[in-house]
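Residues per chain are reported as follows:
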Amino acid sequence: MSLVPSIPPTTEQALFLGMAGLAAAASLGVVAIKSPIRAALCLVLNFFVLAFIYFSLGAQLLGITQIIVYAGAIMVLFLFVIMLLNLSAESETRKKFDFKIPLAALVGLGVFGIVGSQVLLPLQAINQPLSANDWGKPQALGYSLFTVYAWPIEAVSILLLVGIVGSIVLAKRKV
Amino acid sequence: MNGVPLVWYLGLGLFMFTCGAVGVVIRRNPVTVFMCIELMLNAVNLTFLAFARYMPTPLPGVAAQPQNWVSGQAVVVFVMAVAAAEVAVGLGIIMAIYRLRNEVDVDDMSMLRG
């Protein structure tokens, strides 16, 4: 019952279906488009739509973080490297049939079918969000991050520091 | 959002994860492989947020009021930080390999094979 939208879909359902269709099409584009720069732009679109899906879940802080960190910083890094390396579409020299593609598609369909039938079907009775409506506010998340999750936050900050130092070391001319 | 069942979010996350996993296997360009890994991380983020929204659970030892139940969001914050660090280091490695060999193709990178 809940796997298919009601006819006609409610406003929220129509909104979600539009955003989800866009995100799914963009993620297909990342996999299927040969040119790396177009795949990267598809990924930007996917991240941006995903941010709005986060908003629809009420997670305001994480939606904004998604736009800033993923669609902003990380994708700029990707595009920068693509242009620096001057990557073109994957070389067509090896035109012989790549057996990995149908195999991977088959495995993907299998994963989708198995997880979908075993995990998604038992959960389809859950229709109502149970958390508080203001659960995504910066106050609640920030308070938790600096009390309950103080040690994980410290570990993540050390990880980011290591990442900064590591990328500088790797990017040096003579390693 | 009222009226949208949990499985729709999970289905979108599952689709994105499958796309990413297939892309990691079939693409030969390491930058694109990285983008597929990002796709999988985002799918997992979406799944975390959907579960946290529809099936919230309190942490042991945390105040009982529901606005403090933000474990799902906290995990998403950590995943984002790890993804940022991973991309910075990974793209640095790709740049180093490109400088060494002047071409990047994951099928040809077999120097680490024993």
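Bear in mind the structure is a predicted one, so any value in this text is a computation, not a measurement. (Residues numbered from 1 in each chain as written. Chains lettered and ligands numbered in written order. Predicted model: local features only at pLDDT ≥ 70, side-chain atom pairs only at ≥ 80, totals over all residues. Heavy atoms only, no water.)

**Student:** Is there a simple way to think about helix α5 (residues 138-147) of chain A in this case?
**Tutor:** Side chains three or four residues apart in an α-helix point the same way, a direct result of the helix having 3.6 residues per turn. For α5 of chain A, the set of buried residues is Ala140, Leu141, Ser144 and Leu145 of chain A. All buried residues of α5 of chain A fall inside an arc of 125° around its axis, so they share one side. Those residues of α5 of chain A that are exposed and aimed more than 90 degrees away from the buried face are Gln139, Tyr143 and Phe146 of chain A. The secondary structure elements touched by the buried residues of α5 of chain A are α3 (60-85) and α6 (150-171) of chain A together with α3 (71-101) of chain B. (Buried < 20%, exposed > 50% of the residue type's maximum accessible area, 1.4 Å probe, protein only. Helix = DSSP H or I, 4+ residues; strand = E, 2+ residues; numbered from the N terminus. Arc of directions from axis to C-beta. Contact = heavy atoms within 4.5 Å.)

**Student:** For this particular structure, what's the right way to read the packing of helix α1 (residues 11-32) of chain A against helix α1 (residues 6-26) of chain B?
**Tutor:** Each packed pair of helices is defined by two parameters, the angle between the axes and the distance between the axes. Contact geometry for α1 of chain A and α1 of chain B: axes closest at 9 Å, N-to-C directions at 5°. With respect to α1 of chain B, the axis of α1 of chain A lies roughly parallel. Taking contact as the criterion, the partners of Gln13, Phe16, Leu17, Ala20, Ala23, Ala24, Ser27, Leu28 and Val31 of chain A in α1 of chain A are, on α1 of chain B, Trp8, Tyr9, Leu12, Phe15, Met16, Cys19, Gly23 and Ile26 of chain B. Split by residue class, the contact of α1 of chain A with α1 of chain B holds 14 nonpolar, three polar and no charged. (Axes fitted to C-alpha atoms, helices over the stretch in contact; angles between N-to-C directions. Parallel < 35°, antiparallel > 145°, perpendicular 65-115°, else oblique. Nonpolar A, V, L, I, M, F, W, Y, C, P; charged D, E, K, R; others polar.)

**Student:** Could you clarify how one ought to interpret the interface of chain A and chain B in this entry?
**Tutor:** Interfaces are often sized by the amount of accessible area the parts lose when they come together. Opposite the 84 residues of chain A that make contact, chain B presents 76 residues. Counting the surface lost from both chain A and chain B, the interface buries some 7,700 Å², and carbon and sulfur atoms represent 73% of this. Considering only the surface of chain A that becomes buried against chain B, Leu57, Phe78 and Trp135 of chain A emerge as the three largest contributors, covering 9% of it. Remark: the boundary between chain A and chain B carries zero salt bridges. The tally of links from chain A across to chain B stands at twelve residue pairs in polar contact (both at pLDDT 80 or more). At the level of elements, α1, α2 (36-56), α3, α4 (100-120), α5 and α6 of chain A are the ones that each hand at least two residues to the side of chain A that touches chain B. Considering only residue class, the side of chain A that touches chain B consists of 58 nonpolar, 19 polar and seven charged. (Buried area = accessible area lost by both parts, 1.4 Å probe. Salt bridge = Lys/Arg side-chain N within 4 Å of Asp/Glu carboxyl O. Polar contact = N/O pair within 3.5 Å; in protein donor to acceptor, adjacent residues only side chain to side chain.)

**Student:** Even after reading the chapter, I still don't get α6 of chain A, so can you show me in this structure?
**Tutor:** Under the 1.5 Å per step criterion, the end-to-end length of α6 of chain A is 32 Å for 22 residues, consistent within 8% with the ideal 32 Å. Considered for burial, the residues of α6 of chain A that qualify are Ile153, Val156, Gly163 and Ser167 of chain A. Viewed end-on, α6 of chain A has its buried residues packed into an arc of 65°, placing them on one side of the element. Away from its buried face by more than 90 degrees, α6 of chain A exposes Trp151, Ile158, Leu161, Val162 and Ile168 of chain A. For α6 of chain A, the elements touching its buried residues are α5 of chain A together with α3 of chain B. (Expected span 1.5 Å × (residues − 1).)

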